[in-house]
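Below, each chain spelled out in residue letters.
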Amino acid sequence: MKRQWKTAFLTILDYRTMDSVDAIESLAGSATRASSGPWTPILTRTSRSRNSAPWVDRTHDAGMDVSQIMAHEDLISLDQEARKRLIDRIVRTIDAAGKCGVPAVSVLTGPAIWEPTAV
């Protein structure tokens, strides 16, 4: 039976500490062993990059798609300048996703209650 859906990986936890090449290789290897169907990584660190295209290109080269880029920033802040910088980063991430052909950007605006310094 051929699968009619894609599976996405959320690249957080240990993936955040990995080099992008290693992370993509790990996901591609998992997909190959688990199923012959299409697999889609979600690359969180792409939103931190000034140039998203290399991440997207490397993912495509590994036979996968990028289903979304995550722009998770804590905008709940008493520092208005810091808040404006984070909003600008989200806007740049959305722009970069569009330029790279990534169909969605996941936005989390806060508060990041898991962070000890969250307001």
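Preceding this paragraph is the structure being described.
Everything quoted here is computed from the prediction, not taken from an experiment.

Just checking my understanding: could you explain unusual backbone geometry for this structure?
Outside of glycine, negative phi angles account for most residues, and trans bonds account for most peptide bonds. A cis amide bond, omega 0°, links Gly-110 with the succeeding residue Pro-111. Looking at the secondary structure, you find Pro-111 in the segment after strand E4 (105-108).

Would you explain the pairing of strand E3 (residues 69-72) in this entry?
Each regular strand carries side chains that alternate between the two faces of the sheet. Sheet topology note: the E3/E4 ladder contains four bridges and is parallel. In the sheet register, Met-70 faces E4, and the bridge partner there is Ser-106. Taken together, E3, helix H3 (residues 80-100) and E4 constitute a β-α-β crossover, and its handedness is right-handed.

It is not clear to me how the nonpolar core should be interpreted in this structure. Could you clarify?
In summary, soluble globular proteins display a tendency toward joint burial of nonpolar side chains. In terms of nonpolar packing, the biggest core is built from six residues, these being Tyr-15, Ala-23, Ile-24, Leu-27, Ala-28 and Met-64. With residues up to four places along the chain from it excluded, the contact list for Ile-24 reads Trp-55, Arg-58, Thr-59, Ala-62 and Met-64. Formed by five residues, the second largest nonpolar core is a distinct cluster that contains Val-66, Ile-69, Ala-97 and Val-102.

Help me understand helix H2 (residues 53-61) in this model?
For an α-helix, 3.6 residues make a turn, and residues three or four places apart therefore share a direction. Of all the positions in H2, only Trp-55, Val-56 and Thr-59 are classed as buried. Axial view of H2: buried residues confined to an arc of 95°, hence all on one face.

Would you mind showing me how to read H3 here?
End to end, H3 covers 30 Å across 21 residues, agreeing with the expected 30 Å (1.5 Å per residue, within 8%). Where H3 is concerned, the buried positions are Ala-82, Leu-86, Ile-90, Thr-93, Ala-96 and Ala-97. Projected onto a plane normal to the axis of H3, the buried residues spread over an arc of 125° and lie on a single side. Away from the buried face of H3 by more than 90 degrees, exposed residues Arg-92, Gly-98 and Lys-99 are located. For H3, the elements touching its buried residues are E3 and E4. Two or three places before Glu-81, at the start of H3, stands the capping residue Asp-79, its side-chain oxygen 3.1 Å from that residue's backbone nitrogen. Directly beyond the C-terminal end of H3, a positive phi value near 80° is found at Gly-101.

Scoring rules and cut-offs
- Residues numbered from 1 in each chain as written.
- Predicted model: local features only at pLDDT ≥ 70, side-chain atom pairs only at ≥ 80, totals over all residues.
- Heavy atoms only, no water.
- Helix = DSSP H or I, 4+ residues; strand = E, 2+ residues; numbered from the N terminus.
- Pairing = 2+ DSSP bridges.
- Right-handed = clockwise from strand over helix to strand, strands pointing away.
- Core = buried A, V, L, I, M, F, W, Y, C linked by side-chain atoms within 4.5 Å.
- Buried < 20%, exposed > 50% of the residue type's maximum accessible area, 1.4 Å probe, protein only.
- Contact = heavy atoms within 4.5 Å.
- Arc of directions from axis to C-beta.
- Expected span 1.5 Å × (residues − 1).
- Polar contact = N/O pair within 3.5 Å; in protein donor to acceptor, adjacent residues only side chain to side chain.

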